[in-house]
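# Summary of the model geometry
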Amino acid sequence: MRTGKNKSVPGAIVALALLLASGAAARAELRIVSSPGGEVDSYLRLFAMVRQSGERVIIDGPCLSACTLVLSAVPEDRICITRRAILGFHAARRLDEGGQLYAAPHETRRLAATYPAPIRSWIRTQRRPDGKTAFFELTPLAAFYRLCR
């Protein structure tokens, strides 16, 4: 997860935000097919709109890094997973103006605290000293989120 000042939003997020802001939101579902993550604030804004829309989220592929904040923002009963769902968690990193990434332990603790308790517990068991991504796949995910129909 990047916590830098970059305010750019990937095109897919902009398109989804526009959909949710339109009247079509009442008929929409957010299907996460492949998200590499990105800038934290952009995802927090997106998932706040999803939460307010009342729509459900289908995790149907990789949801990595900042994408996992969907678990913090959208109620558990409105999230379902498919057999292709993968969540990827890693320590937060700060991006400086020169493009260099740095560890951000304070931000990591702050973001981790936003996840539901069972997810926080799982993350603690998967903590990697090198800060690399820990992947949460179907078997453990199914203990916390229902399979989509």
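Please refer to the structure placed before this passage.
So, here's what we can say about the structure. (Residues numbered from 1 in each chain as written. Predicted model: local features only at pLDDT ≥ 70, side-chain atom pairs only at ≥ 80, totals over all residues. Heavy atoms only, no water.)

### Brief notes about the sheet that holds strand β3 (residues 62-64)
Sheet strands associate in pairs through backbone hydrogen bonding, adopting either a parallel or an antiparallel arrangement. The three strands lie next to each other as β3-β5-β8, forming an open sheet whose pairing is mixed. The two strands at the open ends of the sheet, each matched to only one other strand, are β3 and β8 (134-136). Across the sheet, the axes of successive neighbouring strands diverge by a mean angle of 20°, strand direction being ignored. In this structure, strand β5 (residues 86-89) lies alongside β8, joined through three bridges in antiparallel fashion. Looking at β8, one finds that F89 is bridged to A134. (Pairing = 2+ DSSP bridges. Helix = DSSP H or I, 4+ residues; strand = E, 2+ residues; numbered from the N terminus. Axes fitted to C-alpha atoms, helices over the stretch in contact; angles between N-to-C directions.)

### Overview of the pairing of β5
Where β3 meets β5, three bridges bridge the pair, whose relative direction is parallel. Considered in β5, the bridge of P62 is made with I86.

### What to know about the pattern of salt bridges
Here the structure, examined in full by the defined rule, presents four salt bridges. Notably, a salt bridge pairs R84 with D60, separated by 2.6 Å at the nearest N-O pair. Taken as a pair, R84 in the loop between β4 (79-81) and β5 and D60 in the loop between β2 (57-59) and β3 lie far apart in primary sequence, 24 residues in all. Using a relative accessible area of 9% as the deciding quantity, one classes D60 as buried. E107 is paired through a salt bridge with R94; the nearest N and O atoms lie 1.8 Å apart. Of this pair, E107 sits in helix α4 (residues 105-112) while R94 sits in strand β6 (residues 93-95), and the two are 13 residues apart along the sequence. The exposure class of E107 is buried, given its relative accessible area of 11%. For R94, a relative accessible area of 35% translates into the label partly exposed. (Salt bridge = Lys/Arg side-chain N within 4 Å of Asp/Glu carboxyl O. Buried < 20%, exposed > 50% of the residue type's maximum accessible area, 1.4 Å probe, protein only.)

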